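Each chain is listed here by its residues.
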Amino acid sequence: MESESVFDADVPVRVRRRVDRDLGACVRVLAETHEHDGYPVDWPESPRTWLTPESLVASWVAEADGRVVGHVGLSRSGAGDVAPGLWSARAGVGTGATAVVGRLFVAPSARGRGVGALLMARAVGEARERGAHPVLDVVATDVAAAALYERLGWQLLATVEQEWGPGRKVAIRCYAAGT
């Protein structure tokens, strides 16, 4: 896989809008992430479709030396999203006033360079430009992701259990971007 090589710390990282031709590279980096960290928890039947849900409003890739090293998406609230409802109830607005940050992953070889923070900043900026408040849900066992969000000033709304199938409950941490 192209991003398995050691990441050169001197190579600048840029975030740009994802285009269709990036999907193959995104799937490769997602596979590396899944193998390394177990994200996503359940490998999707069609990773390309998982990266392009109907609710998606925008997505970006982080690129270094011409290689995709990270990804993030911004979506409208969907059926399985808990954070939009929690934030909306607190703010006294509808869930349409939120934008869900998701599908965030960074190649294991590119970590420690602020790639995740760059991607998050772009998604948050877009949400705010659209007049929406950014929120997200993360599996509670993903402590590295939770630590990133908290370092970036995101506020924990609640930890809830979701049913992910018969007899399978998963703890989810729900966050909202700081104001």
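Residues numbered from 1 in each chain as written. Predicted model: local features only at pLDDT ≥ 70, side-chain atom pairs only at ≥ 80, totals over all residues. Heavy atoms only, no water.

1. As for the pattern of salt bridges
Any two side chains of opposite charge can pair if their charged atoms end up close together.
And then number 1: Enumeration over the complete set of coordinates arrives at 9 salt bridges.
And then number 2: The partner of Arg 16 in a salt bridge is Asp 22, and the shortest N-O contact between them spans 2.7 Å.
And then number 3: For Glu 150, the salt bridge is made with Arg 173, and the minimal N-O distance between the two is 2.7 Å. Of this pair, Glu 150 sits in helix 5 (residues 143-151) while Arg 173 sits in strand 7 (residues 169-176), placing them 23 residues apart in sequence. (Salt bridge = Lys/Arg side-chain N within 4 Å of Asp/Glu carboxyl O. Helix = DSSP H or I, 4+ residues; strand = E, 2+ residues; numbered from the N terminus.)

2. Some remarks on the environment of Ala 110
And then number 1: As for its placement among the helices and strands, Ala 110 is situated in the loop between strand 4 (98-106) and helix 4 (115-129).
And then number 2: Measuring from C-alpha to C-alpha, the distance between Ala 110 and Gly 70 comes to 8.2 Å, with 40 residues separating the pair along the chain.

3. Here's the deal with the environment of Leu 104
And then number 1: With respect to the secondary-structure elements, Leu 104 resides in strand 4.
And then number 2: Contacts of Leu 104, omitting those with residues within four sequence positions, involve Tyr 39, His 71, Val 72, Gly 116, Leu 119, Met 120, Leu 148 and Tyr 149. (Contact = heavy atoms within 4.5 Å.)

4. Things to note about the pairing of strand 5 (residues 133-139)
And then number 1: Judged by how many residues are buried, strand 5 sits mostly within the fold: 6 of 7 residues are covered.
And then number 2: Here strand 4 pairs with strand 5 via 3 bridges, running parallel. Considered in strand 5, the bridge of Ala 99 is made with Pro 134.
And then number 3: The parallel pair strand 4 and strand 5 is bridged by helix 4, and the resulting crossover is right-handed. (Buried < 20%, exposed > 50% of the residue type's maximum accessible area, 1.4 Å probe, protein only. Pairing = 2+ DSSP bridges. Right-handed = clockwise from strand over helix to strand, strands pointing away.)

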